[in-house]
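Given next are the chains, with one letter for each unit.
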Amino acid sequence: MGYAVIKNKQTSTPTPKQIQYATVERFVEFAETLVSDDYKNLEEFLADAKKQWAEFVEFEEGKLTDEIVAAAASQLEHFFKNENV
């Protein structure tokens, strides 16, 4: 069974859109671990998350663009409001 999973694993190069989507999801997961009472608003939280992400990620695909942060922000806003009451 394990062999079938490896055999069928996708080996093609991901498209830029797939990389962007994966980066958004990774950034959201990473940022969610940073939520605390120390942040006054989502913008301050995102700024700190971006700074820490830059120190955390070293490969090109992990670099954040404004588009990636904007996509992540919509997901993080809900999480931020729920966790930071």
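Residues numbered from 1 in each chain as written. Predicted model: local features only at pLDDT ≥ 70, side-chain atom pairs only at ≥ 80, totals over all residues. Heavy atoms only, no water.

Points about the overall build of the protein chain
Helix and strand content of the protein chain: four helices and zero strands. Mapped in sequence order, the helices and strands of the protein chain form the string α-α-α-α. The buried share of the protein chain, taken over its 85 residues, is 28%. Put simply, 68% of the contacts in the protein chain that link residues at least 6 apart link residues at least 24 apart. Element-wise, carbon and sulfur atoms account for 55% of the exposed surface of the protein chain, whose accessible area totals about 6,300 Å². (Helix = DSSP H or I, 4+ residues; strand = E, 2+ residues; numbered from the N terminus. Buried < 20%, exposed > 50% of the residue type's maximum accessible area, 1.4 Å probe, protein only. Contact = heavy atoms within 4.5 Å. Areas by Shrake-Rupley, 256 points an atom, 1.4 Å probe, with all protein chains shown as cover.)

Here we look at the pattern of salt bridges
Tallied over the full model, the rule gives one salt bridge. Taking the shortest distance from any N to any O, the salt bridge between Lys17 and Glu67 comes out at 3.9 Å. Of this pair, Lys17 sits in helix α2 (residues 16-32) while Glu67 sits in helix α4 (residues 66-83), placing them 50 residues apart in sequence. Exposure class is identical for Lys17 and Glu67. Each is exposed. (Salt bridge = Lys/Arg side-chain N within 4 Å of Asp/Glu carboxyl O.)

As for the environment of Glu29
Its place among the elements puts Glu29 in helix α2. Residue Glu29 is classed as exposed on the basis of its relative accessible area of 53%.

Thoughts on the side chain of Thr23
Mapped onto the secondary structure, Thr23 falls in helix α2. Classification of Thr23 as buried rests on a relative accessible area of 0%. Of the polar contacts made by the side chain of Thr23, one reaches the backbone oxygen of Ile19; its length is 2.8 Å. (Polar contact = N/O pair within 3.5 Å; in protein donor to acceptor, adjacent residues only side chain to side chain.)

Some words on α2
Counted at 1.5 Å a residue, the expected span for α2 with its 17 residues is 24 Å, and the 24 Å between its end C-alpha atoms agrees. Listed as buried for α2 are Gln20, Thr23, Val24, Phe27, Val28, Phe30 and Ala31. One face of α2 carries all of its buried residues, which in axial projection span an arc of 165 degrees. Exposed residues on α2 whose side chains face more than 90 degrees from its buried face are Tyr21 and Glu29. (Expected span 1.5 Å × (residues − 1). Arc of directions from axis to C-beta.)

Section: the side chain of Gln20
As for its position among the elements, Gln20 is in helix α2. The residues touching Gln20, leaving out its near neighbours within four places in the chain, are Glu67 and Ile68.

Some thoughts on the confidence of the model for the protein chain
When pLDDT is averaged across the protein chain, the result is 76; 75% of the residues are at 70 or more. Within the protein chain, the element-level pLDDT minimum falls on helix α1 (residues 2-7), averaging 50, and the maximum on α2, averaging 85. (pLDDT = per-residue confidence, 0-100.)

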